[in-house]
Amino acid sequence: MTNPQLPPVVYLPTGPHHGTATEQADIELRRTPDGRLALLAYSAVDRLVECCGPHQPWMLVQTSDLPALHESQPYELILLDAKIPEELRRTA
């Protein structure tokens, strides 16, 4: 489940990382206002920080790895460079 409009790599918001074990991090999925489960993907780390805030953990992922991610954490759509409202962002 990939989108041909995506760059070769994307930055994905995650839950908190524990030390250097980033492979253990869970990708954060978000509900859209219409109830669908979305994977948020960002084309650059500065866009992730701008759209999610400076306290958002993240992980760099090859776009070619998204089908495997979809199998382990199913989602209904991919939103590229979507802004998260301030009140829903992580804080320090």
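Computed from a predicted model, the values in this text were never measured in an experiment.

A.B. asks: Any chance you could explain the overall build of the protein chain here in plain terms?
C.D. replies: A tally of regular secondary structure across the protein chain gives two helices and five strands. Across the 92 residues of the protein chain, 37% fall into the buried class. The contacts in the protein chain between residues at least 6 apart in sequence include a share of 81% that link residues at least 24 apart. Accessible surface, the protein chain: about 5,600 Å² in total, of which carbon and sulfur atoms supply 54%.

A.B. asks: Can you walk me through the pairing of strand β4 (residues 58-62) in this structure?
C.D. replies: Taken residue by residue, a regular strand's side chains alternate between the two faces of the sheet. Only one face of β4 is buried: it carries M59 and V61, and the other face, with W58, L60 and Q62, is open. In this sheet, β4 lies alongside strand β1 (residues 9-13) in antiparallel orientation, the contact comprising five bridges. Bridging from a neighbouring strand, P13 pairs with W58 of β4.

A.B. asks: Can you walk me through the layout of surface pockets in this structure?
C.D. replies: Picture a little ball the size of a water molecule; that probe, rolled over the atoms, points out where space is still empty. Considering only enclosed or pocket space, the largest pocket measures out at about 180 Å³ in volume. What lines the largest pocket is simply R30, R31, T32, P33, L40, L79, A82, K83, I84, P85 and L88.

A.B. asks: Looking at this structure, I do not really get the sheet that holds strand β2 (residues 29-31). What am I missing?
C.D. replies: Paired through backbone hydrogen bonds, the strands of a sheet run either parallel or antiparallel to each other. An order of β2-β3-β5 is seen for the three strands of this open sheet, with the pairing classed as mixed. Two strands lie at the open edges of the sheet, namely β2 and β5 (77-80), each paired on one side alone. The average angle at which neighbouring strand axes cross in this sheet is 45°, direction not considered. In this structure, strand β3 (residues 37-41) lies alongside β5, joined through four bridges in parallel fashion. Each bridged residue has a counterpart across the sheet, and for A38 the counterpart in β5 is L77.

A.B. asks: How should the side chain of E28 be read in this particular structure?
C.D. replies: You can see E28 is positioned in the loop between β1 and β2. Of the polar contacts made by the side chain of E28, one reaches the side chain of Q56; its length is 3.5 Å. Apart from residues lying up to four places away in sequence, E28 is in contact with P13, T14, G15, Q56 and R90.

A.B. asks: Explain helix α1 (residues 45-52) to me, please; I cannot follow it from the model alone.
C.D. replies: Residues that lie three or four places apart on an α-helix share one face, since the helix turns once every 3.6 residues. Within the span of α1, buried status applies to L48, C51 and C52. Seen end-on, α1 carries its buried residues on one side only, within an arc spanning 80°. In α1, the exposed residues that point more than 90 degrees away from the buried face are D46 and E50. Buried residues in α1 make contact with β1 and β4. G53 lies just past α1 and shows a positive phi near 100°.

Cut-offs and rules
Residues numbered from 1 in each chain as written. Predicted model: local features only at pLDDT ≥ 70, side-chain atom pairs only at ≥ 80, totals over all residues. Heavy atoms only, no water. Helix = DSSP H or I, 4+ residues; strand = E, 2+ residues; numbered from the N terminus. Buried < 20%, exposed > 50% of the residue type's maximum accessible area, 1.4 Å probe, protein only. Contact = heavy atoms within 4.5 Å. Areas by Shrake-Rupley, 256 points an atom, 1.4 Å probe, with all protein chains shown as cover. Pairing = 2+ DSSP bridges. 1 Å grid on protein atoms, 1.4 Å probe; cavity = no way out; pocket = protein on both sides within 12 Å on 5 of 7 lines; lining within 4 Å. Points joined across faces, edges and corners; volume = space filled by probe spheres on them. Axes fitted to C-alpha atoms, helices over the stretch in contact; angles between N-to-C directions. Polar contact = N/O pair within 3.5 Å; in protein donor to acceptor, adjacent residues only side chain to side chain. Arc of directions from axis to C-beta.

Shape is all these values report; function is a separate question.
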